[in-house]
There are 2 protein chains.
Amino acid sequence: MVRQRPATSTDVARQAGVSQATVSIVLNGARGNIRVSEATRQRILTAAAALGYSPHPAAQALRRQRSGIIGFVPQQSPCLPPSIHPHRYLLGIYVARAATSRGYQVIEPSVKAEAVQSGAEQLQFFAGRRVDGIIYDRPQTAAEVRCLVDYGLPVVQLLRPQGTIGTATVTVDASPGITAAIDHLVGQGHRRIAFLGHGGAHSVERDRLHAFTTALARHGIAVPAERVYLARKYALEEGQTLTRTMLASRPWPTAIFAASDSLALGVLHALYEARIHVPDDLSLVSHDDVLAAQLYPPLTSVAQPFETVAERAVALIVEQVAGTSGRGAETAHVVLPTRLHVRRSTRPPRAGVRLDGKTG
Amino acid sequence: MVRQRPATSTDVARQAGVSQATVSIVLNGARGNIRVSEATRQRILTAAAALGYSPHPAAQALRRQRSGIIGFVPQQSPCLPPSIHPHRYLLGIYVARAATSRGYQVIEPSVKAEAVQSGAEQLQFFAGRRVDGIIYDRPQTAAEVRCLVDYGLPVVQLLRPQGTIGTATVTVDASPGITAAIDHLVGQGHRRIAFLGHGGAHSVERDRLHAFTTALARHGIAVPAERVYLARKYALEEGQTLTRTMLASRPWPTAIFAASDSLALGVLHALYEARIHVPDDLSLVSHDDVLAAQLYPPLTSVAQPFETVAERAVALIVEQVAGTSGRGAETAHVVLPTRLHVRRSTRPPRAGVRLDGKTG
DNA sequence: ATGAAAGCGCTAACAA
DNA sequence: TTGTTAGCGCTTTCAT
């Protein structure tokens, strides 16, 4: 009933009739094979198993001068509560899993809902916790990242890196997914496809539009400027407003590509208002696939491989920490492809039906 | 550029011209006031600040025999990937935040997607990590909890406790929220309100139906058995199927209360199929408010106070760990009220229009 | 009011 | 092939 003191390596040593140091050597594997006779090795292993021994993490951390903790900075921008934007936390969940499966822990600065933390605050938090490295999800500014890098911590930037400040990055190439989406739509017979995206300057935003245009060009379809709608941010309201504008124009597109799920949600709202049915009247494809499966109808969407992003990021940190990789890994830049998930928001345009209400 | 060794308490001591032990005493506050003169106290504080000192967590943990880590077991049942059920992870996020703000960390066993971990596996994981206590979200069986309790760890069960195995619990009283929901609907003129819930034996399920019946009874409205639809689990498909059944019956209810968001989502799908508009043709209220705000239309929903649940749970653990509370807190049972969030899925029933298609 | 000293459990360098 | 030893940075008891 009452917790007994967990077994220590000294307990194991006593039980196996060897010194405590030998236990440590055997249990840490390494090139120990050469050092310890197979007989004692087995005796130690048996004793350890019998006692249910597992090394004390704090003692290891203290001695090794490595905490086994990875800092994770979640995407910070529009600081909405988790209940509204659960998918904002998806990446953090995957990072935590990947880390745990490698024997690491993850810690996040406790954001006070609205407060965006400065680089200095982050550093204080992480340095105090003695983290071994930091994974930074879509940093807002280069300064906040540099803060941590300058301190000497291994940093990996995710998805929307700030320049290359000597940190590793794990990013995504939007083009495979978007190309597949366009091929899918064009294959269904769509020709007038609108792009609803973000007008920001970061290459991530520009790349989505570029992939869109390029993919259509490959089918010999040009994208007139009036078919491109640019929002100031990825937000439901922006998607809704721009869709209303779109519906005021003629001719209507037969399909819309929304460069984020939140924009697509806004599109859905505006179409519902206007009694336009998806996909019967209009097809819709979103990007990100983070909300898409749960909407009605479930959206065809381009997914970013968050799980892999997390795994690679953790791997990069672990390599750098445990690693012989003096530099090398530090400047590693992993790029992962996106994929299309076809669901129920896309179908061939209705033949012979003009969607602006007129026939012909 | 290269990380310098963080300052230790010895560094602070040297700088302040005192012994390292004195530094420790001053920095740990306690009843130290009596022990250390104000002058040295100030000198130490100044030196610590100047050096940017913060104590080494591993050293503290080792010495205090307390890791500062709380184990968290997320709800395990239908093991879907996070991308499908992000809200499954909400509570974990709040727990992590509450813990961090108290200087604790949280660790979760790394579930391999489908695998449900046994109590013994959990114990091995948590004992190995030397967690100070465990927060268990909606345990499936009493055995898995007892495993941890028997080992001697403080455990808090959340939301759907397994009996009372001598653990503390933080649960929710569904009745305030459900009563408010019924008052809201009845106030709008609804009389025929269907209940779509879970037929399980756990008190949480029974309480929701009971609160529903009681609230209606207070308005003098009885709930005939045929207006109660019970699913085998909280799942979209069940909600959809039962709603179809409901639509085959006469007369239709003017409003539906769905005992979970996933059931409500199924209702929405079925209604969409049948071209029944929410809320113009039928009002809908859900329970849980975890997906409700993101659906279309945004659902009026009864919310469970997850953030508070998390905070109280962490507080209970921390008390028991740091605590003088020999027993006392161990058997604490916190019950928190639910609340109604009114959104756009409820409105007065249409006057004079029979929803079964006939007039009168 | 303060300092000295003993470990917490572990790793790693050095002896034997 | 194995044991001895010296800490990692901290808290706490016991002297002074």
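Just above, that's the structure.
Here's what I pulled together on the structure shown here. Predicted model, so just to flag it, every value in this text is computed and none were measured.

**Details of the packing of helix 11 (residues 236-248) of chain A against helix 12 (residues 261-273) of chain A**
Residue and element names in this part refer to chain A.
Move 1: Put simply, helix 11 and helix 12 touch, their axes get as near as 7 Å, and they point 45 degrees apart. In this view, helix 11 runs oblique relative to helix 12, as classed from their interaxial angle. Remark: the crossing between helix 11 and helix 12 carries right-handed chirality. Contacts between helix 11 and helix 12 pair L236, E238, G239, Q240, T243, R244 and L247 from the former with S262, L263, L265, G266, V267, H269, A270, L271 and E273 from the latter.

**Here's the deal with the relation of the copies chain A and chain B**
Move 1: With an axial shift of 0.0 Å and an RMSD of 0.1 Å, the rotation relating chain A to chain B amounts to 180 degrees. The transformation relating the two chain copies, once decomposed into turn and shift, fits a two-fold axis. Distance from the rotation axis, computed per C-alpha, reaches its smallest value in chain A at A58 of chain A: 2.3 Å.
Move 2: By residue overlap, the copies meet face to face through one surface: 100% of the interface positions of chain A are interface positions in chain B.

**Considering helix 2 (residues 20-27) of chain B**
All names here are of chain B.
Move 1: Within helix 2, burial applies to T22, V23 and V26. The buried residues of helix 2 occupy one face: seen down the axis, they fall within an arc of 105 degrees.
Move 2: Taken together, the buried residues of helix 2 touch helix 1 (9-16) and helix 4 (38-51).
Move 3: Where helix 2 terminates, the next one or two residues include G29, which has phi positive at roughly 60 degrees.

**Concerning the interface of chain A and chain B**
It is common to give the size of an interface as the accessible area lost on bringing the parts into contact.
Move 1: With 57 residues of chain A in contact, the opposing surface of chain B contributes 57 residues.
Move 2: Summed over both partners, the interface of chain A with chain B buries about 5200 Å², with 57% contributed by carbon and sulfur atoms.
Move 3: Contact with chain B buries area across many residues of chain A, yet R130, Q294 and Y296 of chain A alone supply 14% of it, more than any other trio.
Move 4: At the boundary of chain A and chain B, one finds 0 salt bridges.
Move 5: The tally of links from chain A across to chain B stands at 6 residue pairs in polar contact (both at pLDDT 80 or more).
Move 6: Elements with a minimum of two residues in the side of chain A that touches chain B: helix 5 (57-64), helix 6 (90-101), strand 2 (105-107), helix 7 (119-129), helix 8 (142-151) and helix 12 of chain A.
Move 7: Examining the composition of the side of chain A that touches chain B, we find that 6 residues originate from one element, helix 6 of chain A, more than from any other.
Move 8: For the side of chain A that touches chain B, the class distribution of residues is 34 nonpolar, 15 polar and 8 charged.

**Focus on unusual backbone geometry**
Move 1: Residues R250 of chain A and P251 of chain A are joined by a peptide bond in cis, for which omega reads -10 degrees.
Move 2: Within the secondary structure, P251 of chain A sits in the loop between helix 11 and strand 8 (255-258).
Move 3: In the segment running from V278 of chain B into P279 of chain B, the intervening peptide bond is cis, with an omega of 5 degrees.
Move 4: Tracing the backbone shows P279 of chain B in the loop between helix 12 (261-273) and strand 9 (283-288).

**Some words on the sheet that holds strand 4 (residues 155-158) of chain A**
Residues and elements named next belong to chain A.
Move 1: Taken in spatial order, the 6 strands make up an open sheet running 2-1-3-4-5-11, and their pairing is parallel. Either end of the sheet is taken by a strand with one partner, and the two such strands are strand 2 and strand 11 (333-337). Each strand of the sheet is rotated relative to its neighbour by a mean of 20 degrees, with strand direction disregarded.
Move 2: Summarising the sheet, strand 1 (residues 69-73) and strand 2 pair through 3 bridges and their orientation is parallel. Across the sheet, residue G71 finds its bridge partner in strand 2, namely I107.

**Focus: the sheet that holds strand 12 (residues 339-341) of chain B**
Residues and elements named next belong to chain B.
Move 1: Taken in spatial order, the 6 strands make up an open sheet running 7-6-8-9-10-12, and their pairing is mixed. At either margin of the open sheet sits one strand with a lone partner, and together these are strand 7 (228-231) and strand 12. Neighbour to neighbour, the strand axes of the sheet diverge by 20 degrees on average, direction disregarded.
Move 2: For strand 6 (residues 193-198) and strand 7, the ladder comprises 4 bridges, and the chain directions are parallel. Within strand 7, the position partnered with G197 by the bridge is L230.
Move 3: Lying over the sheet, helix 9 (residues 175-187) contacts strand 6, strand 8 (255-258), strand 9, strand 10 (300-303) and strand 12, oriented at roughly 40 degrees with respect to strand 12.
Move 4: Contacts from helix 11 (residues 236-248) reach strand 6, strand 7 and strand 8 within the one sheet, and its direction differs from that of strand 7 by about 150 degrees.

About the criteria used
- Residues numbered from 1 in each chain as written.
- Chains lettered and ligands numbered in written order.
- Predicted model: local features only at pLDDT ≥ 70, side-chain atom pairs only at ≥ 80, totals over all residues.
- Heavy atoms only, no water.
- Axes fitted to C-alpha atoms, helices over the stretch in contact; angles between N-to-C directions.
- Helix = DSSP H or I, 4+ residues; strand = E, 2+ residues; numbered from the N terminus.
- Parallel < 35°, antiparallel > 145°, perpendicular 65-115°, else oblique.
- Left-handed = near helix turned anticlockwise from the far one by under 90°.
- Contact = heavy atoms within 4.5 Å.
- Least-squares fit on C-alpha atoms with pLDDT ≥ 70 in both.
- Buried < 20%, exposed > 50% of the residue type's maximum accessible area, 1.4 Å probe, protein only.
- Arc of directions from axis to C-beta.
- Buried area = accessible area lost by both parts, 1.4 Å probe.
- Salt bridge = Lys/Arg side-chain N within 4 Å of Asp/Glu carboxyl O.
- Polar contact = N/O pair within 3.5 Å; in protein donor to acceptor, adjacent residues only side chain to side chain.
- Nonpolar A, V, L, I, M, F, W, Y, C, P; charged D, E, K, R; others polar.
- Pairing = 2+ DSSP bridges.

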